[in-house]
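The residues making up each chain are set out below.
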Amino acid sequence: SLNDVVFPSTEEERHLRANDRELNLSYKYSDNAIKTSKYNIFTFLPLNLFEQFQRLANAYFLFLLCLQSIPEVSSLPWYTTVVPLVLVLSMTMAKDGSDDMNRHRCDKQVNNRQVEVLVEGELQSEKWMDVQVGDIVKLENNQFVTADLLLLSSSEPLNLVYIETAELDGETNLKVKQALTVTGKLEDSVEKLANFNGEVRCEPPNNRLDKFTGTLTLKGETYSLDNERILLRGCTLRNTQWCFGLVIFGGPDTKLMQNCGRTTFKRTSIDRLMNVLVLSIFGFLMIMCLILAIGNGIWEYQEGSKFAAFLPKGVNAPFSAFLTFWSYVIILNTVVPISLYVSVEIIRLGNSFYINWDRKMYYPKNDTPAEARTTTLNEELGQIKYIFSDKTGTLTQNVMTFNKCSINGKAYGELLDFSGQRVEINEVREKVDFSWNNLADPKFCFHDNSLVEVVREGNPEVQAFFRLLSLCHTVMPEEKKEGELYYQAQSPDEGALVTAARNFGFVFRSRTPESITVVEMGELVTYELLAVLDFNNVRKRMSVIVRSPEGKLTLYCKGADTIIFERLNPSCSNLTEVTTLHLNEFAGEGLRTLALAYKDIDPEYMEDWKLRHHVANTAMDEREEKLDALYEEIEKGLLLLGSTAVEDKLQDGVPQTIEQLSKADIKIWVLTGDKQETAENIGYSCNMLREEMNEVFIVSANTSEEVRKELQTARRKMTPDGTEEPTVKKSRSGLFCLQKTETVADEPVNGEYAMVINGHSLAFALEKDMEIELLRTACMCQTVICCRVTPLQKAQVVELVKKYKQAVTLAIGDGANDVSMIKAAHIGVGISGQEGMQAVLSSDYSFAQFRYLQRLLLVHGRWSYLRMCKFLRYFFYKNFTFTFVHFWYGFFCGFSAQTVFDEWFITLFNLVYTALPVLSLSLFDQDVNDWWSFQYPQLYTPGQLNQYFSKRAFVYTVLHSGYSSLVLFFIPWAAMYDTVRDDGKEIVDYQSFALLAQTCLLIAVSIQLGLDTHYWTAMNQFFLWGSLSVYFAVIFTMYSNGMFLTLTSSFPFIGTARNSLNQPNVWLTMLLTSVLCVLPVVAYRFLRILLWPTINDKVRGRGSTHLSLDKVLPPTPRRVQARRTSTRRSGYAFSHAQGYGDLVTSGKFLRRTPKSRTTPSLNSAFIARHRIKNENTVI
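All residue numbers refer to position in the chain's written sequence, counted from 1. In view of the model being predicted, local features appear only for residues whose pLDDT reaches at least 70, and side-chain atom pairs are presented and counted only at 80 or more, with totals across whole chains, interfaces and linings using the full set of residues. Values reported for side chains reflect all heavy atoms of the structure, with hydrogen atoms and water molecules removed beforehand.

The name an unreviewed UniProt entry gives the chain is Phospholipid-transporting ATPase, with Oncorhynchus tshawytscha as the organism. UniProt positions are given in the numbering used here, feature names are shortened, and annotations may be inferred rather than shown by experiment. Checking UniProt for the chain, the heading Catalytic activity (unreviewed entry) contains the comment "ATP + H2O + phospholipidSide 1 = ADP + phosphate + phospholipidSide 2." The record held by UniProt for the chain lists under Cofactor (unreviewed entry) the comment "Mg(2+)".

*Asks:* What is the right way to look at the overall build of the chain in this model?
*Replies:* Within the chain, the regular secondary structure consists of 40 helices and 37 strands. Out of the 1179 residues in the chain, the part that is buried amounts to 57%. Look at the contacts in the chain between residues 6 or more apart in sequence, and 75% of them connect residues 24 or more apart. In this description a helix means any DSSP run of H or I spanning at least four residues, a strand means any run of E spanning at least two, and both kinds are numbered starting from the N terminus. The classification of residues rests on relative accessible area computed with a 1.4 Å probe and restricted to protein chains. Under 20% of the type maximum is buried, over 50% is exposed, and intermediate values are partly exposed. Any two residues having at least one pair of non-hydrogen atoms within 4.5 Å are treated as being in contact.

*Asks:* Just to check I follow, could you spell out the confidence of the model for the chain for this structure?
*Replies:* Parts of the model with low pLDDT should not have their predicted coordinates read in detail. For the chain, per-residue confidence averages 83 on the pLDDT scale, and residues scoring 70 or more make up 86% of the total. pLDDT: the predictor's confidence for each residue, scored from 0 to 100. Low confidence marks residues 1-9, where pLDDT is under 50. Its contacts with residues over four positions away, or in another chain, come to 26 contacts. Within the model, the stretch residues 1132-1136 combines pLDDT values under 50 with 36 contacts to residues more than four positions away or in other chains.

*Asks:* How should helix α2 (residues 44-52) be read in this particular structure?
*Replies:* For the α-helix, the turn length of 3.6 residues means that residues three or four positions removed from each other point alike. When α2 is considered as a whole, its buried residues turn out to be F44, N48 and Q52. Buried residues along α2 cover an arc of 50° about the axis, so they all sit on one side. The arc in question is the one traced by the directions running from the helix axis out to the C-beta atoms.

*Asks:* Explanation requested: the sheet that holds strand β17 (residues 410-412) in the structure shown.
*Replies:* Backbone hydrogen bonds hold the strands of a sheet together, and the pairing may be parallel or antiparallel. Two strands pair under a simple rule: DSSP has to find at least two bridges between them. The 9 strands lie next to each other as β17-β16-β28-β27-β26-β25-β24-β23-β22, forming an open sheet whose pairing is antiparallel. The sheet terminates laterally at β17 and β22 (506-512), the two strands that pair on one side only. Recorded for the sheet is a direction-independent mean angle of 30° between the axes of neighbouring strands. Here 5 bridges tie strand β24 (residues 523-533) to strand β25 (residues 541-547), and the two strands are oriented antiparallel to one another. Paired with A531 across the bridge in β25 is I545. Axis lines are fitted through C-alpha atoms, for helices just across the contact stretch, and the angle between N-to-C directions can take any value from 0 to 180 degrees. Relative to strand β16 (residues 396-407), helix α14 (residues 492-503) is tilted by about 45°, and along the sheet it contacts β16, β22, β25, β26 (553-559), β27 (592-600) and β28 (639-650).

*Asks:* What is the right way to look at a nonpolar patch on the surface in this model?
*Replies:* There is a patch of nonpolar side chains on the surface, built from V83, L87, M91, L911, V912 and V1030 and spanning about 410 Å² of accessible area. Sorting elements by how many residues they give to the nonpolar patch places helix α4 (residues 79-111) first, with 3 residues. Counting through the fold element by element, L87 comes out in helix α4. The class of L87 is partly exposed, set by a relative accessible area of 39%. Excluding any residue in a salt bridge, patches collect residues exceeding 30% relative accessible area, merging like charges within 9 Å and nonpolar Val, Leu, Ile, Met, Phe, Trp and Tyr side chains within 5 Å. Accessible surface is estimated by sampling points in the Shrake-Rupley manner with a 1.4 Å probe; for residues, cover comes only from the protein chains shown. Here, a salt bridge means any side-chain nitrogen of Lys or Arg that lies within 4 Å of a carboxyl oxygen of Asp or Glu.

*Asks:* Looking at this structure, I do not really get the sheet that holds strand β30 (residues 695-699). What am I missing?
*Replies:* If you trace the 9 strands from one edge of the open sheet to the other, you get β14-β37-β36-β35-β15-β29-β34-β33-β30, paired in mixed fashion. Of all strands in the sheet, those with a lone pairing partner are β14 (371-372) and β30, marking the two edges. Bridging between strand β33 (residues 753-758) and strand β34 (residues 783-787) involves 5 bridges; their strand directions are parallel. Directly across from N758, in β34, lies its bridge partner C787. Seen against the sheet, helix α21 (residues 704-718) touches β30 and β33 and runs at an angle of roughly 165° to β30.

*Asks:* Can you help me understand unusual backbone geometry in this one?
*Replies:* The phi torsion of most residues other than glycine is negative, and most of the peptide bonds are trans. For N408, which is not a glycine, the phi torsion comes out positive at approximately 55°. You can see N408 is positioned in the loop between β16 and β17. On the basis of relative accessible area, N408 is assigned to the partly exposed category, the value being 42%. A positive phi is found at M521, a non-glycine position, where the angle reads about 50°. Relative to the helices and strands, M521 resides in the loop between β23 (515-520) and β24.

*Asks:* What am I meant to see in the packing of helix α28 (residues 903-913) against helix α33 (residues 990-1012) here?
*Replies:* Axis angle and axis distance: for two packed helices, these are the angle between their axes and the distance between the axes, and together they describe the pair. Two elements in contact, α28 and α33, have axes whose closest approach is 12 Å; the angle formed by their N-to-C orientations is 15°. With respect to their mutual orientation, α28 and α33 come out roughly parallel. Considering how the two elements wind past one another, α28 and α33 form a crossing that is right-handed. Every residue of α33 that contacts α28 at F905, F909 and Y913 is listed here: Q998, L1001 and L1002. Here the residues of the contact of α28 with α33 sort into 5 nonpolar, 1 polar and no charged. Orientation is classified from the angle alone, with under 35 degrees giving roughly parallel, over 145 giving roughly antiparallel, 65 to 115 giving roughly perpendicular, and any other angle giving oblique. Handedness of each helix crossing follows the sense of rotation of the near helix against the far helix: counterclockwise by less than a right angle gives left-handed, clockwise gives right-handed. For this classification, Asp, Glu, Lys and Arg are treated as charged, while Ala, Val, Leu, Ile, Met, Phe, Trp, Tyr, Cys and Pro are nonpolar and the rest, including Gly, are polar.

*Asks:* How should I be thinking about the environment of I387 in this particular structure?
*Replies:* Here I387 shows up in strand β15 (residues 384-389). Residue classification places I387 among the buried residues on the basis of a relative accessible area of 0%. Each C-alpha atom of the pair I387 and I812 lies 7.5 Å from the other, and the pair is 425 residues apart in sequence. Setting aside chain neighbours within four positions, we find I387 in contact with L661, I666, K667, I668, W669, L810, I812, L853 and L857.

*Asks:* Whenever I open this one, the nonpolar core confuses me. Can you help?
*Replies:* Inside soluble globular proteins, nonpolar side chains tend to come together where they are buried. In terms of nonpolar packing, the biggest core is built from 100 residues, with L340, F871 and F901 touching the most fellow members. No other element matches the 16 residues that helix α27 (residues 852-890) contributes to this core. The contact partners of F871, leaving out residues within four places of it in the chain, are L340, S343, V344, I347, V918 and S922. To qualify as a nonpolar core, a set must consist of buried Ala, Val, Leu, Ile, Met, Phe, Trp, Tyr and Cys residues joined through side-chain atoms within 4.5 Å.

*Asks:* What is the right way to read the pattern of salt bridges from this model?
*Replies:* A side chain with one charge may pair with a side chain of the opposite charge, provided their charged atoms come close. Applying the stated rule across the entire model yields 50 salt bridges. Taking the shortest distance from any N to any O, the salt bridge between D358 and R855 comes out at 2.5 Å. You can see D358 sitting in the loop between α11 (339-357) and β14 and its partner R855 sitting in helix α27, a full 497 residues away along the chain. Each member of the pair D358 and R855 is classed as buried. For the salt bridge of K768 with E771, the shortest nitrogen-to-oxygen distance reads 3.8 Å. A residue is classified by how much of its surface remains accessible, and E771, at 9% relative accessible area, is buried. Salt bridges sharing common partners tie together R539, R541, E566, R567, E632 and E635.

*Asks:* Help me understand the pairing of strand β8 (residues 199-202), please; the structure alone is not making it clear to me.
*Replies:* Two faces make up the sheet, and in a regular strand the side chains alternate between them. Along β8, the buried face is formed by V200 and C202; none of E199 and R201, which line the opposite face, is buried. Of the pairings in the sheet, the one linking strand β1 (residues 14-17) to β8 comprises 4 bridges and is antiparallel in character. Its bridge partner lying in β8, R14 is registered against C202. Direction of pairing for β8 relative to strand β9 (residues 214-218): antiparallel, over a ladder of 4 bridges. Bridge pairing in β9 places R201 opposite T215.

*Asks:* Looking at this structure, how should I read the packing of aromatic side chains?
*Replies:* Remark: the centre distance and the inter-plane angle together describe each pair of aromatic rings, the angle taken between the planes. Only Phe, Tyr and Trp rings take part, Trp by its six-membered ring, and two of them pair if their centres are within 6.5 Å. Stacked means planes under 30 degrees apart, edge-to-face means over 60, and tilted covers everything else. Tallied over the entire structure, the rule returns 58 aromatic pairs. On the numbers, 5.2 Å between centres and 70° between planes, the contact of F891 with F895 is edge-to-face. Here F895 falls in the buried class, since its relative accessible area comes to 10%. Through a chain of ring-to-ring contacts, three or more aromatic side chains come together here, namely F284, F876, F880, F884, F887, W888, F891, F895, F949 and F954. Its guanidinium or amino end placed over the ring of Y29, R14 lies 3.8 Å from that ring's centre, counting from NZ or CZ. The ring of Y487 has R502 sitting right over it, with the charged end atom 5.5 Å from the ring centre. Distance and angle both matter: a charge sits over a ring if NZ of Lys or CZ of Arg is within 6 Å of the ring centre and within 35 degrees of the ring normal.

*Asks:* Is there a simple way to explain helix α29 (residues 915-924) in this structure?
*Replies:* Of all 10 residues that make up α29, 8 are buried, and the element is covered over most of its length. Those residues of α29 that sit buried are A915, P917, V918, L919, S920, L921, S922 and L923. For α29, the elements touching its buried residues are α11, α27, α28, α33 and α34 (1018-1038).

This is the structure we're talking about:
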């Protein structure tokens, strides 16, 4: 199965002994140091140069440099290649060195953290990197876990520890781990721990965060180890004074680092296309050089013999052609100028700074700006087709709030004005004043005062409602100071319900295994806890049976409404109908709902039931079935109290962001480890799933064939007339077309559909023979939600889409369980500002809130893609034009490899005269501003289709260059032919022609740049006019008498500028060539905008009558979520796993008290163990 554990090492089993470094070191296990850097001070220069010369262009220019060192071949001075090559290598080296220094700094910071380690019988402070496998370490409250540890003992009763796993999965609610009883007896005795010599045999290093298998052998007995005994590196110890652990995996072997996966070098689609184009250009260059070399051979054979008498060695036509070939390779190399790569790096760096500096992506609450952690992927942000998102911590805040409730047929939680109309609740609205309740949680927020009024009036139904919430749960309280209560709940939603009861006057204060103490409207009341009927995924409810101080027995029950309604007394039928209407309204708003009910129990019946419960609980066979039957028996004939509605708070702006991205034709898939109900609920809250959808398919089969059947059934419903076999297009791509690709074509669908698939079914669907079936069905859906998926499955889903869709993918998450997905996608985005930062460290971009994703893509991504495409089209245009002029000149100079331009112009053309204007275009240009980008998300779609730069666009650019070069060579040639000055002197010399040709070229490409610029800034104007001014200043300086006299051989063009540029016919020629070069472009663009306008033309032309936006492109109004009702209800607001009833009622709670505690040990002993396992069982 694709869901199997990945074992990256050859290690088959790990064997270690506690406190025996000599034995453990003999196995050569990794120590606890981590290394993410690539270079050190000695390897940096050779390794970096080796990597850089692996780039085809850099190697090519090194080859050119070698050619230029041969006098017989070189037609240009060496500095024309050395200067740009050294510049490129130096800039790239500086950037790589800076990045690696940052990695070194991060590694050093982590490796030098301090932790207490048991060495030779005493605790010593050691650096993390010095910790070895088999060492025993001591952790204290709020410390990071040093390595993957086997928990030995802790300060808490039952050897529990509370950990926060935000670094791993983004979840901030606490989880509980428990040590074996046999190791828990070691407590914090250094002597006992030093004598501990247990041997562990376990699985080798792997990336499964939720699974661990191994055994501990101690004093001849073997004990089973599972994930409940393991503390993973990256977790944080919370609410636990101290604990001791045995190091199992260190450094790169820890599950945290194993999940980081192999860092792959990501390249954009434009980068890959550029490689293919550069290779094609090399071929084209060779063809041009071959043509000119053959021409030279023919010319030497026919004409060269006439000059043989003047040459010392005579004429050898074939050898002359051979040398000419290499000379032209040097001269025509400007078709692939090295400055192209310098400029690309500068543009990417500049656009990265825009992201870092964007105040609209800054989150002031956490002082977290957006960060471009890589500078090589910006333009690909404008081509995203698929987004893969985590849920917890990415779409949601992992914070639950008690929003509404229905009690005895009346709904509470809404605000109405004097006319009875609903008023929107926001932060400005006045909150309910809970100052009358000294124990109220100051953070709790509620707006409906009527609920407080009925509670304080003593309404029996309302008070019974909150009494149930304060009693029916498995929450543990912690009171650090008098009156300062802190609730530790297995899930945030259960904590929200108990907090609501607390604020409305029913304060859960403390518990023992036999009692629950509640402050009811200021009075302390202790209930005897007789039984906890625990929650599980089949029952979907939990109950408690309590005895009040008056001796009254009551069963309180909460659970999914469908489950509760089946067990109600028939007398509740009318109330059930009204409550159902309220539940539908709550569900329609995306809230998580629960129904609450109770019943009074006869004491005699209870005694009999307890006896039967004891028998069932101690039965050896069918214990669970017998207990379920007893629970069913007593949970009948319930009386309905009402329902609750809890909001799983989304991050701000999530629904609007998803809506905007959907309009941009971006498909969003949610990949989450949460259960199906929770994932569905968030889908509805985010508007990803909607009631008006044709159908939401649920794939949850347990066998391969059933999964295939469910996928096929869904596909046939969406396309009844579709083909059974997929349309797969096979092609080749990459350099030399060596890479085989298969593309599964998109299939048209009428209507909107969604699919929800669980991890078990996904494991079958990802198998080789079924993956295309999964892809076809999923890609037909508007929304796909994968729940209960492992980190490995997340990456596999991303790889599947990358493999068969040839589309650009983006993955966004906030925990270590998202790292593999983030690294697998073309673009990885980490949510920062949370406590979990592992995803950020592996990401390409990071910011604090999901809503910033729309600005990253629709504004920065689109602009970056547009700018890069404009830059490449213009750069190839000006350089091919420059090179083609040389090519045409070859036919007029006897194919002698003479340059048509001055050597200094050739050197400075790309580095000075045209560098800054094109950079200003590529850094500042906008087709429309950010406001219009948000108004019309459809502007994003051309990037997904590669419309702005492709092989076809490149061919058009080359043809355009060919036309311009013909004009720029033959018009000046014809104008200068047999021409005389005003004073009768000729100006048909080579130097005058070279000056005229190069000036015409520079003016023409500058005008083309102006036509390509949509957004003029002061910088654009300054660079464009400044570059032309610098050109004229340079030629007048370099062609002056002084420069000629100083370095005669380097500045031969003496007086050319002042002799030529004072002639009217020279300026008229410049004007004529410029007009002829620009005229076809202007005509084509005018006709295209008039007859075939693109979406960009429509938005830019919003002021024109013929392009009125109201007529051709009405903006899609933002979908306002209307008040709706829904029969679909999600997420009973309490624990997602088996409940903790057994732990709460366990007498072992009071087994041991820590030596120094400021709070009662009982009240901190809870949170996330659902059953006390009989871990002492000998295997």
